[in-house]
Amino acid sequence: MTTIRSVVLGCGSYLPEHILTNAELASRIDTSDEWIVQRTGIRQRHIAAPGEFTSHLAIKAAKAALANAGVDAQSIDLIVLATSTPDNTFPATAVSVQNGLGINHGAAFDLQAVCSGFIFALATADNFLRTGAFKRALVIGAETFSRILDWNDRGTCVLFGDGAGALVLDAQPQQGNTSDRGVLTTHLRSDGRHKMKLYVDGGPSSTQSVGHLRMEGREVFKHAVGMITDVIEDAFKATNTGPNDIDWLVPHQANKRIIDASAQKLHIAPQKVVLTVDSHGNTSAASIPLALSVAVADKRIKPNDLVMLEAMGGGFTWGSALVRW
Ligand code: UT7
């Protein structure tokens, strides 16, 4: 039996030039390098320059992914861009990316699921490719969270950074089993009862302003490990695989303690976990494709490796994707 799979042709990323260290933050607000490293694993984050927008980061990441895939922008007929920090309320940042890449066919739209955005965008693109509606997709996670932080709130401003990452997915016939290349399974969840635990206190319909990120960190932390392990177990169950079968876990990079605890609970060996939270901070929807790009560039992730992706964030939203590279 053959089936259509969304096969990864390449990935790429972009980080703004300016690096903000913990020491620099400690000189401005009541925090310390020691507290930030111990509680989160973060040592630095990148911050977009004035006038550098989410679409600018996304276009650079998309161009890097297209070059890595060795395909022309004109072959792309679908762009799904995950972001919670769009350039404008509308139009979608994805159409700026489409225009920046010189593409004027197919479809481009944004998707908003906060830190789980990349998994939701990947699942959406995968479903469109598998039905035959589109042939080749750019899936992008791009954020400028520095623009929605309250820089006087030490409980949140030390955690986040800016960046973008992208994957090129191609619809290809495969055998229909777990040795196939491509996206093997995706699992998405949301529970709006938790919507006020991590939110932005502004928006066009409510305040006619952009607002700032607010978070009950301890509450988010409390739910994170259970939600992450549940959706990873769903992916294992759906594909009849387990922790020993996967080559890499590429998690959303929010907090090293959450990542370590999730891997430990699932019996995933620490050496299989790709960690970038130390150098990128939490870049929300961009964190997974940024981490993938790092592990592909340094040749940890190779063709045919089995890669588990997971994320959890505002909403709450959470999800997993199992991909054979
Ligand atoms: O990506 C979306 C999902 N988001 C997350 O996954 C974030 C989940 N939450 C977390 O990662 C953690 O809860 C935080 C890193 C945000 C906080 O770590 P924590 O171990 O939960 O600390 P806490 O909030 O319980 O705060 C402990 C103490 C408090 O002081 P008291 O009340 O014990 O005196 C805070 O005021 O640490 C204090 N604190 C700080 N101290 C120095 C909070 N932020 C800072 C800071 N520097 N930046």
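Data block above holds the structure.
These numbers were taken from a predicted model, which means no experiment stands behind them.

A. Molecular detail of the pairing of strand β12 (residues 306–313). In terms of burial, β12 is largely enclosed, as eight of its eight residues are buried. Side chains of β12 alternate between two faces, with L306, M308, E310 and M312 and V307, L309, A311 and G313 buried alike. Direction of pairing for strand β11 (residues 248–251) relative to β12: parallel, over a ladder of four bridges. Its bridge partner lying in β12, L249 is registered against M308. Taken together, the eight bridges between β12 and strand β13 (residues 317–324) define a ladder with antiparallel strand orientation. Bridging from a neighbouring strand, V307 pairs with V323 of β13.

B. Geometry of the nonpolar core. Within the largest apolar cluster, 42 residues are counted, with the highest numbers of intra-cluster contacts made by V158, I232, I246, L249, I268, M308 and M312. Counting only elements with at least two residues in this core, the list comes to α7 (217–239), α8 (256–265), β12 and β13. Looking at this core element by element, the count peaks at nine residues for α7. Two domains each provide a minimum of three residues to this core, namely domain 1 (3–174) and domain 2 (182–324). With sequence-adjacent residues up to four places away left out, L249 is seen in contact with I232, A263, I268, K272, V273, V274, M308 and E310. Of all hydrophobic cores here, the second largest spans 36 residues; its members include F134, V139, V250 and V274.

C. Up close: the packing of aromatic side chains. Per the stated rule, a full pass over the model turns up three aromatic pairs. Residues F128 and F134 carry aromatic rings whose centres are separated by 5.5 Å and whose planes lie at 90° to one another, so their mutual orientation is edge-to-face. A relative accessible area of 31% means that F128 is categorised as partly exposed. Among the residues examined, F134 registers a relative accessible area of 17% and is labelled buried. Aromatic ring contacts, followed pair by pair, group F109, F128 and F134 into a single cluster.

D. Representation of the sheet that holds strand β4 (residues 78–82). With mixed pairing, the five strands of this open sheet are ordered in space as β1-β7-β6-β4-β5. Each of the sheet's edge strands pairs with one partner strand only, and the pair in question is β1 (3–14) and β5 (107–111). On average, each strand axis in the sheet is inclined to that of its neighbour by 20°, with strand direction left out of account. Pairing geometry for β4 and β5, over five bridges, is parallel. Across the sheet, V80 pairs through a bridge with F109, a residue of β5. Across the sheet, helix α3 (residues 54–69) lies against β1, β4, β6 (136–144) and β7 (162–174), angled at about 120° from β1, the strand it touches most. Against the sheet, helix α4 (residues 93–100) makes contact with β4, β5 and β6, and its axis sits at roughly 140° relative to β5, the strand it touches most.

How each quantity is defined
- Residues numbered from 1 in each chain as written.
- Predicted model: local features only at pLDDT ≥ 70, side-chain atom pairs only at ≥ 80, totals over all residues.
- Heavy atoms only, no water.
- Buried < 20%, exposed > 50% of the residue type's maximum accessible area, 1.4 Å probe, protein only.
- Helix = DSSP H or I, 4+ residues; strand = E, 2+ residues; numbered from the N terminus.
- Pairing = 2+ DSSP bridges.
- Core = buried A, V, L, I, M, F, W, Y, C linked by side-chain atoms within 4.5 Å.
- Domains from an automatic or database assignment.
- Contact = heavy atoms within 4.5 Å.
- Phe/Tyr/Trp six-rings, centres within 6.5 Å; stacked < 30°, edge-to-face > 60°.
- Axes fitted to C-alpha atoms, helices over the stretch in contact; angles between N-to-C directions.

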